[in-house]
Amino acid sequence: MIDLRSDTVTRPTEAMLKAMMSAPTGDDVYAEDPTVNRLQEELAGQFGHEAGLFCPSGTMANQIAINVHVSPGDEVLCHRLSHVYNYEGGGIARNSGASVRLVDEPHGAMPASVIQAEINPADSHFARTSLVCVEDTVNKGGGAVQSLAMLAEGSAASRAAGLPFHLDGARAWNALRKTGEDWKRYGTLFDSISLCLSKGLGTPAGSVLLGSRDFIEEAHRTRKVMGGGMRQVGILAAAGLHAIEHHFDRLQDDHERASRIGALLSEHPAVLKVAPVETNIVIAQLTGGRPASELVEAQRTAGVLCSAFGPDKVRWVTHLDFGDDDLAQVLKSLEDWN
Ligand SMILES: *Cc1c(COP(=O)(O)O)cnc(C)c1O
């Protein structure tokens, strides 16, 4: 089967496994794993932050960041399409006792004017707004890339209001590959960043949270509380170091293949609309209320796995284990479907 349900389904390459097998390790709960330390320092440096923290998953990295930034009863400003709101099991309320205020602009955008308008006044009637979360690329927004100008304005507006600006950068590398933006210039717009090594970069697991030294010290404590302290986890960090060096440039291939799928779908009579394909995610909405399950089933029969993404939407995600022969098979299967 060709699996396009997510970019998390990739297997480690031979070269990655080799890097993992030869990694020096130590006990990371004591901060003594040299490979984890190297990964954290390298990423912090690349994104212009003081420190980093290796976490088991992107969800945990986001939840730790939120927990460090907010107090119970506070409000987190995020987008209706965001992962922190939709796909983290209600973790903002459950882990941190905070509520959310949802922004609803197209494709997951969070413009400064909207951020400013949604920050509660300093008045005891209202919840205290204490964090602004943005996502780049926006998963539910079809892999949309946030413009640097908008992020810069959002960052300035948040900081002017005394609020930290957090990036859920599970696919930030896809955005950076697309825009060619300088990582440090981008990274310093945010007060904390979560990065997933197991999406486009193709490692078996792991995310890194970046921020100031004080923030990461608190995050280290919160990671322990959430049960995310791991021991000789340098084997996973080694996969991350390998992936940053060898799998960043090739993200362009994923973007090109996704764009080919998007182009074919946008001409298909049974497709009403395809979200603009900017990176490695394709989301198509079917015509006339045709259920997503119909196309998902047809794709499965043709040897392709994709996901229903709402009642009439289907999602494909391209990745490291999806090559040109696979692309040809997917394009053919969609041409044959009617
Ligand atoms: C995948 C993803 C995460 C983290 O997911 P995990 O499966 O917990 O690693 C966070 N945000 C976005 C936008 C994602 O796509």
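Just so it is clear, the model here is predicted, and its values are computed rather than measured.

Conventions adopted
Residues numbered from 1 in each chain as written. Predicted model: local features only at pLDDT ≥ 70, side-chain atom pairs only at ≥ 80, totals over all residues. Heavy atoms only, no water. Helix = DSSP H or I, 4+ residues; strand = E, 2+ residues; numbered from the N terminus. Rg over C-alpha atoms; globule rule 2.2 N^0.38 Å. Buried < 20%, exposed > 50% of the residue type's maximum accessible area, 1.4 Å probe, protein only. Domains from an automatic or database assignment. Contact = heavy atoms within 4.5 Å. Buried area = accessible area lost by both parts, 1.4 Å probe. Salt bridge = Lys/Arg side-chain N within 4 Å of Asp/Glu carboxyl O. Polar contact = N/O pair within 3.5 Å; in protein donor to acceptor, adjacent residues only side chain to side chain. Nonpolar A, V, L, I, M, F, W, Y, C, P; charged D, E, K, R; others polar. Near = heavy atom within 4 Å. Areas by Shrake-Rupley, 256 points an atom, 1.4 Å probe, with all protein chains shown as cover. Pairing = 2+ DSSP bridges. Axes fitted to C-alpha atoms, helices over the stretch in contact; angles between N-to-C directions. 1 Å grid on protein atoms, 1.4 Å probe; cavity = no way out; pocket = protein on both sides within 12 Å on 5 of 7 lines; lining within 4 Å. Points joined across faces, edges and corners; volume = space filled by probe spheres on them. Parallel < 35°, antiparallel > 145°, perpendicular 65-115°, else oblique.

S.K.: How would you summarise the overall build of the protein if you had to cite specific residues and measurements?
M.R.: From N to C terminus, the protein includes 14 helices and 13 strands. The globule rule puts the C-alpha radius of gyration for 338 residues at 20 Å, and the 20 Å found for the protein is close to it. If one aligns the C-alpha atoms of the protein with their principal axes, the spans along those axes are about 55 × 55 × 35 Å. The proportion of buried residues among the 338 residues of the protein is 56%.

S.K.: I'd love a proper account of the domain arrangement of the protein, names of residues and values included.
M.R.: Split by domain assignment, the protein resolves into domain 1 (14-246) and domain 2 (250-336). Between the C-alpha centres of domain 1 and domain 2 the distance comes to 28 Å. Of the residues lining the interface, 18 residues belong to domain 1; the matching set on domain 2 comes to 14 residues. Interface of domain 1 and domain 2: buried area, both sides summed, is about 1,400 Å²; carbon and sulfur atoms make up 55% of it. Of all residues in domain 1, Gly142, Asn174 and Arg177 bury the most surface against domain 2, accounting for 33% of the area lost on that side. Our count for the contact surface shared by domain 1 and domain 2 stands at 0 salt bridges. Between the two partners, domain 1 and domain 2, sit 5 residue pairs in polar contact (both at pLDDT 80 or more). Sort the elements by how many residues they give to the side of domain 1 that touches domain 2 and helix H8 (residues 172-179) lands first, with 4 residues. Counted by class, the side of domain 1 that touches domain 2 contains 5 nonpolar, 9 polar and 4 charged residues.

S.K.: Give a description of the site of the ligand that names residues and reports values.
M.R.: Around the ligand, 13 residues are found, and the nearest of them are Gly58, Thr59, Asp168, Arg171 and Lys199. Side-chain polar atom of Asp168 to a nitrogen atom of the ligand: 2.6 Å apart, as the coordinates give it. Contacts to the ligand include Arg171, whose side-chain N or O atom sits 2.9 Å from an oxygen atom. For the ligand, whose unbound accessible area comes to 380 Å², protein coverage reaches 84%.

S.K.: So, the sheet that holds strand S12 (residues 307-308): which residues are in play, and what are the values?
M.R.: In space, the 4 strands of this open sheet follow the order S9-S10-S13-S12, with antiparallel pairing throughout. Two strands in the sheet have a free side with no partner beyond their single neighbour: strand S9 (271-274) and S12.

S.K.: Which residues make up the sheet that holds strand S4 (residues 99-103), and what values go with them?
M.R.: Spatial strand order, S2-S8-S7-S6-S5-S3-S4: 7 strands in an open sheet with mixed pairing. Because the sheet does not close on itself, it has two edges, and the strands there are strand S2 (51-55) and S4. Taken pair by pair, the neighbouring strands of this sheet meet at an average axis angle of 20°, ignoring direction. Contacting strand S5 (129-135) and strand S6 (165-169), helix H7 (residues 148-160) runs over the sheet at an angle of about 145° to S6.

S.K.: Give a detailed account of empty space enclosed by the protein, specifying residues and quantitative values.
M.R.: Scanning the model with the defined rule gives 3 cavities of 30 Å³ or more in all. Its boundaries defined by the atoms lining it, the largest cavity holds a volume of some 50 Å³. In terms of lining residues, the largest cavity is bounded by His83, Glu135, Thr137, Asn139, Asp168, Ala170, Arg171 and Lys199. Here the lining of the largest cavity is built from residues that sort into 1 nonpolar, 3 polar and 4 charged.

S.K.: Residue-level account of the packing of helix H12 (residues 251-266) against helix H14 (residues 324-336), with values.
M.R.: Where H12 contacts H14, the axes come no closer than 10 Å and their chain directions differ by 10°. Classified by the angle their axes make, H12 and H14 are roughly parallel. Every residue of H14 that contacts H12 at Arg257, Arg260, Ile261, Leu264 and Leu265 is listed here: Asp324, Leu327, Val330, Leu331, Leu334 and Glu335. A breakdown of the residues in the contact of H12 with H14 according to their chemical character gives 7 nonpolar, no polar and 4 charged.

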